[in-house]
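Breakdown of the fold
If you want the building blocks of each chain, they are given just below.
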Amino acid sequence: MHITNKISNVFHKFATKEFSKPIQNFINNSYVNLLGLDMSEFDEPTTYKTLNKLFTRELKVTREINKKEDVFISPADSFVSESGQIENETACQIKGMSYSVKELLTQEILYDNFERLKNGTFMNFYLSPKDYHRYHSCFDCQITKLIHVPGKLFPVNFTYLKKQTSLFVENERVIIECKTKDDKLFYMVFVGALNVGKMIFTFEERVKTNRDIVHPVVYEYEDLFINKGDCLGYFEMGSTVLLFWEKDMVTLENIINTKVRFGDAISYLK
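So, here's what we can say about the structure. The structure presented is a predicted model; accordingly, all values stated were derived computationally and were not measured. (Residues numbered from 1 in each chain as written. Predicted model: local features only at pLDDT ≥ 70, side-chain atom pairs only at ≥ 80, totals over all residues. Heavy atoms only, no water.)

**Some details on the overall build of the protein chain**
Selection criterion: What counts as a helix is a DSSP run of H or I of at least four residues, what counts as a strand is a run of E of at least two, and both are numbered from the N terminus. Atoms counted for the radius of gyration: C-alpha only. Globule rule: 2.2 Å times residue count to the power 0.38. The classification of residues rests on relative accessible area computed with a 1.4 Å probe and restricted to protein chains. Under 20% of the type maximum is buried, over 50% is exposed, and intermediate values are partly exposed. Contacts: residue pairs with any heavy atoms within 4.5 Å of one another. Here the open area of atoms and residues is found with the Shrake-Rupley method and a 1.4 Å probe, where only the protein chains shown may cover a residue. Positive charge is attributed to Lys and Arg, negative charge to Asp and Glu, and no charge count is given to His or to the chain ends. For the purpose of locating charges, the reference atoms are NZ of Lys, CZ of Arg, CG of Asp and CD of Glu.
Along its length, the protein chain carries seven helices and 16 strands. For 270 residues, the compact-globule estimate of 2.2 N^0.38 gives 18 Å, and the protein chain sits close to it at 18 Å. Seen along its three principal axes, the alpha-carbon backbone of the protein chain occupies a region of about 55 × 40 × 40 Å. Here the protein chain holds 270 residues, and the buried ones make up 55% of them. Of the contacts formed within the protein chain by residues at least 6 apart in sequence, a portion of 76% connects residues at least 24 apart. With the model as given, the accessible surface of the protein chain reaches about 12600 Å², and the carbon-plus-sulfur share is 49%. Here the protein chain contributes 34 positive and 36 negative side-chain charges, whose respective centroids are spaced 6 Å apart.

Structure follows, in structure tokens:
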């Protein structure tokens, strides 16, 4: 295992340990106050029995989402760090730093499907440690494939994005292949990061991240349909979600360097 994976495993042990009530209250309140978490949609910090349960907290207030049929919504509370067109099979991890979309998605993606992504569009969503860590479906769709790609767990903050070449390709990730009712293709990619480094998917319990696996693991589905807004799972710490759409599928909102909330409109079907 890479050193980043080992560090994340150590932090996971701390984050999942249930301390005595006074100590746990101190840990939780300190985390909330230090990072400035907005807990207005959640339970009180002291109700969470571990720091990890605070990280992965569920919404207690129903979040309004954009329900228009042609609208893609943000999959998470996050910061849009980059978006644009896929050019020469590459996308930007941040301005001035590009990476290979083909390497990111791996050879487990069919050639014809990758061809559909050429000159398509992308958008990157960075989840900070203070954000709501659950991720949701951005559109009504059918999930046809999930690919778990093992890798390192470099931080995905802006300091590392600016200096680590092909960071998203280096890091562990889970790729979800999706199709709309009109057979339009898009991908959701969930990228692991330092500290805990675990990703949970409620529809696929066999996915176990930050473990001793070497090769990608592929799961295929025939009748797995999800609705816009459905919770797909959660990061056990902040990280990144990447979206990729096939060519001429959507028009992107101009929201680079903007904070978005799960449920906000991010793109529109053409």
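Further notes follow.
**What to know about helix 2 (residues 21-35)**
How we decide: By this rule the span expected of a helix is its residue count minus one, scaled by 1.5 Å. This arc is built from the directions going out from the helix axis to the C-beta atoms.
For helix 2, which comprises 15 residues, the first-to-last C-alpha distance of 21 Å matches the rise-based estimate of 21 Å (1.5 Å per residue) to within 8%. For helix 2, every residue scored as buried is listed here: Gln24, Asn25, Ile27, Asn28, Tyr31 and Val32. For helix 2, the arc enclosing every buried residue in end-on projection is 165°, short of the 170-degree limit, so these residues lie on one face. Facing away from the buried surface of helix 2 by more than 90 degrees, the exposed residues are Pro22, Phe26, Asn33 and Leu34. Gly36, located one to two residues past helix 2, shows a positive phi value of around 75°.

**Description of the pattern of salt bridges**
Quick note on the threshold: Each salt bridge in this description consists of a side-chain nitrogen of Lys or Arg and a carboxyl oxygen of Asp or Glu lying within 4 Å of one another.
For the coordinates displayed, the defined rule picks out 13 salt bridges. Across the pair Asp131 and Lys259 runs a salt bridge whose closest N-O atoms are separated by 2.4 Å. Placement of the pair is Asp131 in the loop between strand 5 (121-126) and strand 6 (134-136) and Lys259 in strand 15 (residues 258-260), with a sequence separation of 128 residues. On the basis of relative accessibility, which here comes to 5%, the residue Asp131 falls in the buried class. A relative accessible area of 47% means that Lys259 is categorised as partly exposed. The shortest N-O distance in the salt bridge between Lys179 and Asp183 comes to 3.9 Å. Since its relative accessible area comes to 42%, Asp183 is described here as partly exposed. Taken together, the shared-partner salt bridges in this structure form one network comprising Glu41, Arg63, Asp77 and Arg261.

**Considerations on the side chain of Glu172**
Spelled out, the test is: As used in this structure description, the phrase polar contact means that two N or O atoms lie within 3.5 Å; if the pair is within protein, one of them must be able to donate a hydrogen and the other to accept it, and residues adjacent in sequence are counted only when both atoms belong to side chains.
Examined against the element boundaries, Glu172 turns out to sit in the loop between helix 7 (167-170) and strand 8 (173-179). Of the polar contacts made by the side chain of Glu172, one reaches the side chain of His148; its length is 2.7 Å.

**Looking at the nonpolar core**
The criterion, for reference: To form a nonpolar core, buried Ala, Val, Leu, Ile, Met, Phe, Trp, Tyr and Cys residues must be joined to one another through side-chain atoms within 4.5 Å.
Counting 54 residues, the largest nonpolar core has Phe72, Ile176, Phe186, Met188, Phe190 and Trp245 as its most contacted members. If one sorts the elements of this core by residue count, strand 11 (residues 217-226) sits on top with four residues. By size, the runner-up hydrophobic cluster in this structure holds 29 residues, among which are Ala91, Ile94, Leu117 and Ala193.

**What about the pairing of strand 7 (residues 141-149)?**
Under the convention used in this document: Strand pairing follows a simple DSSP-based rule, namely that at least 2 bridges must link the two strands.
Burial of strand 7 is extensive: nine of the nine residues sit out of reach of the surface. Direction of pairing for strand 7 relative to strand 11: antiparallel, over a ladder of seven bridges. Opposite Ile143, over in strand 11, you have Leu224 as the bridge partner. Alignment of strand 7 against strand 8, held across seven bridges, turns out to be antiparallel. Directly across from Leu146, in strand 8, lies its bridge partner Ile176.

**So, unusual backbone geometry**
Despite not being glycine, Asp183 has its phi angle at roughly 65°, a positive value. Mapped onto the elements of the fold, Asp183 is located in the loop between strand 8 and strand 9 (185-191). A positive phi angle, near 60°, is found at Asn257, a position not held by glycine. Relative to the helices and strands, Asn257 is located in the loop between strand 14 (250-252) and strand 15.

Bear in mind that shape data such as this cannot, by itself, settle questions of function.
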